[in-house]
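One-letter residues, chain by chain:
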Amino acid sequence: MSHNNTSISSGATLFTISPFKLAAVNESLAMLPGQLSVEASDGWTSSDGKGQALAIRSAEQNDMKFLPVVHASDFTDDMTPSQIAEKIFSAYSEEVSTIDFTKDPTSKDYVLSHVVPRVVGRDKAESAEESGIITEHFMGNLYIYWTVLIKDDGGEQVSYSLDNKNLGSVGLTVDQIRSVALENIKGTVEISPIEDVLGLAGDDKPVGSTFFVATNKRRYYGAAAVLLQRDILDAQEKKLGSFHIIPSSVHEVLIVPDTLHISAPELKDMLVDVNSSVVQDKDILDDHIYRYENGRLSVVD
């Protein structure tokens, strides 16, 4: 007797999703709000970086996928359907309990009020494009795609990224999305001395005597702050004078005032070293240094 199985692997763990196991998964999801089902996917990742995962799908919302929180590494192939159902239900019941399924997160109004930009590196942009997600080149090795937030309460984030299908279904263009998404993040950007971010208490430093971290309130995909040139970068130039920007990860960028007298080659060496030894591959933005001077953002060769 043959089964049309789907397998996903994570390290030494292999979880084969056979029909009877899918029934267990769907049985657990039937207890949740909304008409939900599940699918195996090796292309969906979570904000915690675990990688391959199960993806939740909402049949009521144009087959929209939610960011998964159940991963291949959570299962072994010898688990029983009841064990799988319990684990799935436990993870997703908390995740979707705060989602109002009476609102359509794929509607035009919802998209316009919840869409935000993501700034990512070339590799992540290429992976997104392969999945059909709309991306555009910003500058250097920086790219943008557009994400609609479903849940953003400081925990695991539920969202979906716009592709041509769901963008067309709401009758919006990329130009319209770009403008609205930038407006939606204006109130979320935070710029702080690096000592404050690292929790290093000390006396207040004179303006321009330290690095600054530009991110958002959740410090999650906060590098999008570089897109707000008129609202954020201009204000920093008036305060600090000209500065370099280190694209340290998708979650933040570092502002380095010229008053620190650190050259662009020195900053590039720092960035390359950190990218190769500290930053996860999926979070790397670029090995280029950027400069903001006279109201203009540019790539330093």
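Small disclaimer: the values here were computed from a predicted structure and weren't measured.

**A look at the nonpolar core**
Link 1 in the chain: Among the nonpolar cores identified, the biggest contains 49 residues, and Val111, Val115, Trp146, Leu162, Ile177 and Ile245 are the most heavily contacted of them.
Link 2 in the chain: Setting aside anything within four residues of it in sequence, one finds Trp146 in contact with Val115, Val116, Pro117, Ile134, Glu136, Tyr160, Ser161, Leu162, Val174, Ile177, Arg178 and Ala181.
Link 3 in the chain: Ranked by size, the runner-up nonpolar core spans eight residues in total, among them Phe211, Leu254, Val256 and Ile289.

**Some remarks on the packing of aromatic side chains**
Link 1 in the chain: Scanning the entire structure with this criterion turns up two aromatic pairs.
Link 2 in the chain: Arranged with centres 5.0 Å apart and planes meeting at 85°, the rings of Tyr220 and Tyr221 form a pair that is edge-to-face.
Link 3 in the chain: Classification of Tyr220 as buried rests on a relative accessible area of 15%.
Link 4 in the chain: Tyr221 sits in the buried class, given a relative accessible area of 9%.
Link 5 in the chain: Judged by centre distance (5.6 Å) and plane angle (20°), the rings of Phe243 and Tyr292 are stacked. With Phe243 in strand S12 (residues 243–249) and Tyr292 in strand S14 (residues 289–293), the pair connects residues that are 49 residues apart, well separated along the chain.
Link 6 in the chain: Using a relative accessible area of 0% as the deciding quantity, one classes Tyr292 as buried.

Thresholds, definitions, all that
Residues numbered from 1 in each chain as written. Predicted model: local features only at pLDDT ≥ 70, side-chain atom pairs only at ≥ 80, totals over all residues. Heavy atoms only, no water. Core = buried A, V, L, I, M, F, W, Y, C linked by side-chain atoms within 4.5 Å. Buried < 20%, exposed > 50% of the residue type's maximum accessible area, 1.4 Å probe, protein only. Contact = heavy atoms within 4.5 Å. Phe/Tyr/Trp six-rings, centres within 6.5 Å; stacked < 30°, edge-to-face > 60°. Helix = DSSP H or I, 4+ residues; strand = E, 2+ residues; numbered from the N terminus.

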